[in-house]
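Residue-level structural notes
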Amino acid sequence: MTLRDEDVPGLVHDLGLPGLFDVHVHFMPPKILQAVWAYFDAAGPKLGRPWPITYRGTDDERVAQLRALGVSRFSALSYAHKPGVAEFMNDWGRDFAADKPDCLWSGTFFPEPSAAEYVPRLVEDGVEVFKAHVQVGEFDPRDPLLDPVWETLQASGTPVVLHAGSGPMPGEHTGPQQVADVLRRYPDLTLVIAHLGMPESHEFLALAADHPNVHLDTTMVWVDFFGTPHDPTLLPKVVELQDRILLGTDFPNIPYPYAHQVESLVGLDLGRDWLRDVLWHNGARLFGVEGPVGE
């Protein structure tokens, strides 16, 4: 039976979990989100295929949808695509999370001189997670302008959801080598490699095996959208790294129901303990969360 959105809370309850912890959710300033959706609608060159958006409601409607799905904690990831926009996005993200205790206060950065000032300021103020998108931003994570950023984030332990894999379309700076070079200089960075690093998942899993603060999220992994066979050789590695695989979905920018991402993880048949860790416990531990809001 195909899992439907309305079935997800029952699955969560059956697993004995307080909810889902989704580390890869997007909320953005409205004009920027509309531009992102227009790019998806046009099947832009960084996508390489038609990509219909399933959840197009208002911010309030989409927050309500997440809560109805049983998502007890979620991020609000924006990502700077050029110099000069990160601070605007960060101000918006601060305000967005301020009245939503189930939302992680999320920030972003770009290789620009001001990053050496605004990232430490955000960390001091209590930002909980950053997002950086190597493919969309077309920047090298080894850019010297990011040295003070990586230094700050290594010292603070603030997680960074990093899209560095070459999917859905490769970019000049995507792939595992640049991230490996960064980790050689900053080995204690807390990274969450988005999309399990697709299509270089093996290489990014190997990086995680060598660096205990490197995690990977499940965003759009094992779903049927891409029409390619699943690589069974990944499964022993995601079992070995069970405590560092985190639920991610890309909500709302997904071309299928939210339940399909959850169903794809259930379908791996890796056991209830693996599911419990991925769907809740690993994210809760990484972000120091005890349970749903109010508990």
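Read on for a plain summary of the structure. Because the structure is a prediction, the values reported are computed rather than measured.

Side note on the overall build of the chain
Along its length, the chain carries twelve helices and eight strands. The C-alpha radius of gyration computed for the chain amounts to 18 Å, which stays within 12% of the reference 19 Å derived for 295 residues, consistent with globular compactness. Dimensions of the chain, computed from C-alpha atoms along their principal axes, come out at roughly 50 × 40 × 40 Å. Here the chain holds 295 residues, and the buried ones make up 58% of them. Contacts spanning at least 24 positions in sequence make up 77% of the contacts within the chain whose residues lie at least 6 apart. By element, 54% of the accessible surface of the chain is carried by carbon and sulfur atoms, the whole surface being about 12,100 Å². Each charge class in the chain was averaged separately, 21 positive and 42 negative side chains, and the resulting centres sit 2 Å apart.

Here we look at the pattern of salt bridges
Summed over the entire model, instances satisfying the criterion amount to 16 salt bridges. A salt bridge links K100 to D99; the shortest N-O distance between them is 2.9 Å. Under the relative-accessibility criterion, K100 is labelled buried at 11%. You can call D99 exposed: its relative accessible area is 58%. We note a salt bridge from D273 to R276, for which the minimum N-O separation is 2.9 Å.

Some thoughts on the packing of aromatic side chains
Applying the stated rule across the entire model yields 14 aromatic pairs. Judged by centre distance (5.4 Å) and plane angle (70 degrees), the ring pair of F110 and F139 falls under edge-to-face. Pair noted here: F110 is in the loop between β3 (106-108) and α5 (115-125) and F139 is in the loop between α6 (134-137) and α7 (147-156), with a separation of 29 residues, a long-range link. Residue classification places F139 among the buried residues on the basis of a relative accessible area of 4%. One aromatic cluster is present, built from ring pairs that chain together F27, F74, W92 and F96.

The rules behind these values
Residues numbered from 1 in each chain as written. Predicted model: local features only at pLDDT ≥ 70, side-chain atom pairs only at ≥ 80, totals over all residues. Heavy atoms only, no water. Helix = DSSP H or I, 4+ residues; strand = E, 2+ residues; numbered from the N terminus. Rg over C-alpha atoms; globule rule 2.2 N^0.38 Å. Buried < 20%, exposed > 50% of the residue type's maximum accessible area, 1.4 Å probe, protein only. Contact = heavy atoms within 4.5 Å. Areas by Shrake-Rupley, 256 points an atom, 1.4 Å probe, with all protein chains shown as cover. Lys, Arg positive; Asp, Glu negative; His and termini not counted. Charge placed at Lys NZ, Arg CZ, Asp CG, Glu CD. Salt bridge = Lys/Arg side-chain N within 4 Å of Asp/Glu carboxyl O. Phe/Tyr/Trp six-rings, centres within 6.5 Å; stacked < 30°, edge-to-face > 60°.

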